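Examining the three-dimensional arrangement
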Amino acid sequence: MCLGILVTTSAHTQDMTDDEIKSRIQPVGQVHVAGAVEETASSGPRSGADIYNKSCVACHSVGVLGAPKLQNAGDWSPRLEKGFDQVWKNAINGIGGMPPKGTCGDCSDDELKAAIEHMIEGI
Ligand code: HEC
């Protein structure tokens with residue numbers, strides 16, 4: 001496809017300056033770059049806040065079924081006493097009224113960790 005463009009424009013290149021040629025071929029390069037950037041953004045890990053707002057907020061903002069509330073030290077401190085790794089593991093496997101992965105079926109363990117870090121930030 002790129003080859004085709006170069007062949008068809010080459011018949012007119014005698015009258016064109018280098019800058020004109022560059023500006024003609026530039027949009028082709030830009031399309032490729034934009035596609036690559038988009039791909040990276042969609043396949044990279046989501047932030048803890050993104051995960052929280054999508055999957056955890058329904059229960060953890062108001063404390064549904066006794067869920068520890070967002071950035072509420074009184075709710076989180078006793079839970080964190082067993083160690084962050086245990087709390088993280090319970091979020092992955094589920095505990096009491098907390099469903100496995102907090103209903104975020106396509107969340108990686110690291111994304112769940114980021115969501116928990118967001119919930120305990122600043123406490
Ligand atoms: C359907 C409601 C609900 C949703 C959605 C939910 N949680 Fe929970 N979560 C709970 C409840 C209830 C508890 C308290 C469970 C208990 O200790 O009995 C809890 C507890 C937790 C705990 C503490 C575990 C421990 O060891 O004390 C973590 C961490 C947690 N949730 C993370 C998350 C994350 C991350 C998400 C989103 C990806 C999420 N939750 C979504 C209801 C929910």
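For the structure given in this document, a descriptive report is provided here. (Residues numbered from 1 in each chain as written. Predicted model: local features only at pLDDT ≥ 70, side-chain atom pairs only at ≥ 80, totals over all residues. Heavy atoms only, no water.)

1. Examining the state of the cysteines
Note the cut-off: Any pair of cysteine sulfurs within 2.5 Å is marked as a disulfide. Relative accessible area decides the class of each residue, using a 1.4 Å probe on protein chains only: under 20% of the type maximum gives buried, over 50% gives exposed, and in between gives partly exposed.
Counted by the stated rule, this structure contains 1 disulfide. Each disulfide pairs two cysteine sulfurs, and for Cys 104 the partner residue is Cys 107, the sulfurs being separated by 2.0 Å. One quick way to see it: the torsion about the S-S bond of Cys 104 and Cys 107 is about 80°, and its sign makes the bridge right-handed. The exposure class of Cys 107 is buried, given its relative accessible area of 2%.

2. A closer look at the site of the ligand
Our working rule: In this text, near means that some heavy atom of the residue lies within 4 Å of the molecule or strand in question. Nitrogen and oxygen atoms within 3.5 Å of one another constitute a polar contact, given that in protein one can donate a hydrogen and the other can accept it, and given that sequence-neighbouring residues count only through two side-chain atoms. Numbering goes from the N terminus for both helices and strands, where a helix is a DSSP run of H or I of at least four residues and a strand is a run of E of at least two. Following the grouping adopted for this structure description, the nonpolar residues are Ala, Val, Leu, Ile, Met, Phe, Trp, Tyr, Cys and Pro, the charged ones are Asp, Glu, Lys and Arg, and the polar ones are all others, Gly among them.
Taken together, 27 residues form the shell around the ligand, and within it Cys 56, Cys 59, His 60, Asn 90 and Met 98 come nearest. Here Arg 79 contributes a side-chain N or O atom positioned 2.7 Å from an oxygen atom of the ligand. Counting only elements with at least two residues in the shell around the ligand, the list comes to helix 3 (48-60), helix 4 (73-80), helix 5 (84-93) and helix 6 (109-119). For the shell around the ligand, the leading source of residues is helix 3, giving 5 residues. Grouping the constituent residues of the shell around the ligand by class yields 17 nonpolar, 7 polar and 3 charged.

3. Regarding the coordination of the iron atom of the ligand
Note the threshold: Water is not part of the atom set, so a site may look incomplete; the donors themselves are N, O and S atoms within 2.8 Å of the metal, or 3.2 Å for Na, K and Ca. Any site counts as irregular unless it has four donors with all angles between 85 and 135 degrees, making it tetrahedral, or four or six donors with opposite ones more than 155 degrees apart and the rest between 65 and 115, making it square planar or octahedral.
Protein ligation of the iron atom of the ligand involves His 60 (NE2) and Met 98 (SD), the donor distances falling in the range 2.0 Å. Around the iron atom of the ligand, the 6 donor atoms sit at angles spanning 86 to 179°, and that spread fits a shape best called octahedral. Placement of His 60 in helix 3 and of Met 98 in the loop between helix 5 and helix 6 is noted, with a sequence separation of 38 residues between them. His 60 sits in the buried class, given a relative accessible area of 8%.

4. Some remarks on the pattern of salt bridges
Note the threshold: By definition here, a salt bridge exists when the distance from a side-chain nitrogen of Lys or Arg to a carboxyl oxygen of Asp or Glu is within 4 Å.
A complete count under the given rule lists 4 salt bridges for this structure. For Arg 46, the salt bridge identified is with Glu 111, shortest N-O distance 2.9 Å. In this pair, Arg 46 is assigned in the loop between helix 2 (18-43) and helix 3 and Glu 111 in helix 6, connecting sequence segments 65 residues apart. In this structure, Lys 54 and Asp 106 form a salt bridge, with 3.8 Å as the shortest nitrogen-oxygen distance. Residue Lys 54 is located in helix 3, and its partner Asp 106 is located in the loop between helix 5 and helix 6; the two are separated by 52 residues in the primary sequence.

5. Comments concerning a negative patch on the surface
Convention followed: Grouping into patches uses exposed residues only, defined as over 30% relative accessible area, and leaves out salt-bridged ones; the cut-off is 9 Å for like charges and 5 Å for nonpolar side chains (Val, Leu, Ile, Met, Phe, Trp, Tyr). The Shrake-Rupley method, run with a 1.4 Å probe sphere, supplies the accessible areas, and residue values consider only the shown protein chains as cover. We score Asp and Glu as negative and Lys and Arg as positive, and we do not count His or the chain ends. Working definition for charges: the position is that of NZ of Lys, CZ of Arg, CG of Asp or CD of Glu.
On the surface, a cluster of negative charge is made up of Asp 15, Asp 18, Asp 19 and Glu 20. With respect to the secondary-structure elements, Asp 18 resides in helix 2.

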